[in-house]
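Structural overview for review
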Amino acid sequence: MKIIVTGSLGNIGKPLTEILVAQGYDVTVVSSDRNKQAAIEALGASAAIGSIADVDFLLTTFRDADAVYAMIPLSFTEPDLGDYLRRMARNYVQALKAAKTKRIVVMNGWVADLVKTENVESAFKGLEASITLIRPGSFYTNFYQSIDLIKGKGLMGKLLTLRYSGLWALLTGKTGLLMGNYGGDDRIVFVSPKDIADAVAEELVLMPGQNTIRYVGSEELTCNEAARIIGTAINKPWLKWVLLTDKAMMQGLKMAKVPQKLAETLVEMQTVMHSGKPLENFHRNQPKMGKVKLSAFAKEFAQVYQQK
C-alpha cells in the first residue's frame, strides 16, 4: 500500500511516518525543504521535494497512491490566513481529483468548522473518495509559541506581571503567565501530536463507505490546570492563564504587528474556544482519548524552555 504523508517531518509528520514505515507501508513524505530529504530517507520513506502551492507537483506525487494524508500548515506570515487556506485546499482538491485518489485523510482543527475563515472542509466533499476529516484539539506544542510570555522577562514581562498578578508577585519574582481571549477556567481538549499521528495512521488504512469525522484529544483540562502543569515542570508553579477580552487580545496582536486580517482570525478562533462550542462537539462525538498526558509533554517542554 502506497501512502503519501504531507507536512514534512513536523510534529505529526515524523511520528506518522515512523508508524507507517514500521507497519510495512510504502511511504512518501512531501516536504518543501530539500535539506529534509536525508532525514526522510533515514526513516525508511521516500522524499518528494516540492510545494503544496504547486498543483502539478502534487498531482505527480499523488499519482498511483492508495491513500493521502493532506494537511495545510498554518502560516503566520500570510496577511490573509483564510485566503491562504482556501488556495491550498483548492490545490489539494485539484490534484487529488486528477490523481483519482480513493482514500484521503484531511487534517483540520477542532474549531475549524466553527470559524468561517478557517473552514475549508467543504472543499474536499465533492471528491469521489473515502474522506475522513481529523479534528484535533489544541496542540501541546502550541505552548512553545508562548515561551517568551511564560519567561516574563524584560520591561513588558514586569508590566504584565504587575497588571495581572499584582505587586507582590513582581517583588517576589513570580513573573510570567499565559494569556488569550480564552483561558482561565475555560475547559479545553489538549492533544499530543503523537496521539494525532496514531489516529491518522489508523484512518489511512481504512476505507469507510461514507465520509467521516474523527475528533482527537489527549486530555481535557481547564486552561489554569494546564498552566499549573506546565509551570510546575519549569519551577513556576504559580503560572496562570489570564483570560483577556476580545478587544484586549486584538490590541495585543496589533502591538505585536500581526496583520489585521490574521489578527481578526486568531481572535475569532479563541472566541469560539471560549464559547465552549468546540468542547460540546468533541463530547458529542465521544472520541477515545489518546495516551500522552500533558504532564509527560511538560517534561519535554521544560527541556526546550531551559535551552531558550
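Attention here is on the structure that accompanies the text. (Residues numbered from 1 in each chain as written. Predicted model: local features only at pLDDT ≥ 70, side-chain atom pairs only at ≥ 80, totals over all residues. Heavy atoms only, no water.)

**A word on the overall build of the protein chain**
Secondary structure summary: the protein chain contains 13 helices and 12 strands in total. By the compact-globule yardstick of 19 Å for 308 residues, the protein chain fits well, its C-alpha radius of gyration being 20 Å. With respect to the principal axes defined by its C-alpha atoms, the protein chain has extents near 65 × 40 × 35 Å. Residue burial in the protein chain is summarised as follows: out of 308 residues, 50% are buried. A separation of at least 24 residues holds for 75% of the contacts in the protein chain among residues at least 6 apart in sequence. For the protein chain, the accessible area works out to roughly 14,900 Å², and carbon and sulfur atoms hold 52% of it. If you average the places of the 37 positive and of the 30 negative side-chain charges in the protein chain, the two averages end up 5 Å apart. (Helix = DSSP H or I, 4+ residues; strand = E, 2+ residues; numbered from the N terminus. Rg over C-alpha atoms; globule rule 2.2 N^0.38 Å. Buried < 20%, exposed > 50% of the residue type's maximum accessible area, 1.4 Å probe, protein only. Contact = heavy atoms within 4.5 Å. Areas by Shrake-Rupley, 256 points an atom, 1.4 Å probe, with all protein chains shown as cover. Lys, Arg positive; Asp, Glu negative; His and termini not counted. Charge placed at Lys NZ, Arg CZ, Asp CG, Glu CD.)

**Describing helix α11 (residues 260-275)**
With 16 residues, α11 ought to run about 22 Å at 1.5 Å a step, and its terminal C-alpha atoms sit 23 Å apart, in line with that. For α11, the set of buried residues is L262, A263, T265, L266, V267, M269, Q270, V272 and M273. Buried residues along α11 sit against α4 (81-99), β7 (138-139), β8 (178-180), β9 (187-191), α10 (246-255) and α12 (277-285). In the stretch just after α11, G276 is the one whose phi turns positive, near 90°. (Expected span 1.5 Å × (residues − 1).)

**Observations concerning the environment of S275**
For S275, the position within the fold is in helix α11. Residue S275 is classed as partly exposed on the basis of its relative accessible area, which comes to 39%. Taking the C-alpha atoms as reference points, S275 and D186, 89 residues apart in sequence, are found 8.6 Å from one another. A distance of 2.5 Å separates a polar side-chain atom of S275 from the backbone oxygen of V272. A polar side-chain atom of S275 sits 3.2 Å from the main-chain amide nitrogen of K277. (Polar contact = N/O pair within 3.5 Å; in protein donor to acceptor, adjacent residues only side chain to side chain.)

**A few points about a nonpolar patch on the surface**
Taken together, the side chains of L155, M156, L159 and M255 present a nonpolar region at the surface, about 460 Å² in accessible area. For the nonpolar patch, the element with the most residues is helix α6 (residues 154-165), which contributes three residues. By the secondary structure assignment, M156 is in helix α6. The partly exposed category is assigned to M156, whose relative accessible area is 44%. (Patch = residues over 30% accessible without salt bridge, like charges linked within 9 Å, V, L, I, M, F, W, Y side chains within 5 Å. Salt bridge = Lys/Arg side-chain N within 4 Å of Asp/Glu carboxyl O.)

**What to know about the environment of D54**
Tracing the sequence through the fold places D54 in the loop between β3 (46-49) and α3 (55-62). A relative accessible area of 37% means that D54 is categorised as partly exposed. For the pair D54 and N181, spaced 127 residues apart in sequence, the C-alpha to C-alpha distance is 36 Å. For D54, the side chain forms a polar contact with the main-chain nitrogen of D56, separated by 3.1 Å.

**Considering the pattern of salt bridges**
Any two side chains of opposite charge can pair, given that their charged atoms come close. Enumeration over the complete set of coordinates arrives at 10 salt bridges. E121 is the partner of R135 in a salt bridge, and the nearest nitrogen-oxygen pair spans 2.7 Å. On the criterion of sequence distance, the pair formed by R135 in strand β6 (residues 130-136) and E121 in the loop between β5 (103-107) and β6 is long-range, its members being 14 residues apart. For the residue pair R135 and E121, the accessibility class agrees, reading buried in each case. Through salt bridges with shared partners, a single ionic network connects R103, E202, E203 and R214.

**Considerations on the sheet that holds β7**
Strand order in the open sheet made by the three strands is β7-β9-β11, with mixed pairing throughout. The outermost strands of the open sheet, each flanked by one partner alone, are β7 and β11 (219-222). Here β9 runs beside β11; their pairing, made up of four bridges, is antiparallel. Bridge pairing links V189 to E220 in β11. (Pairing = 2+ DSSP bridges.)

**Some points on unusual backbone geometry**
Look at K257: it is not a glycine, yet its phi comes out positive at around 65°. Along the chain, K257 falls in the loop between α10 and α11. On the basis of relative accessibility, which here comes to 74%, the residue K257 falls in the exposed class. Even without being a glycine, Q286 presents a positive backbone phi close to 50°. If you trace the backbone, Q286 turns up in the loop between α12 and α13 (294-307). With relative accessibility at 69%, the residue Q286 sits in the exposed group.

Function-wise, these values are silent; they only describe arrangement.
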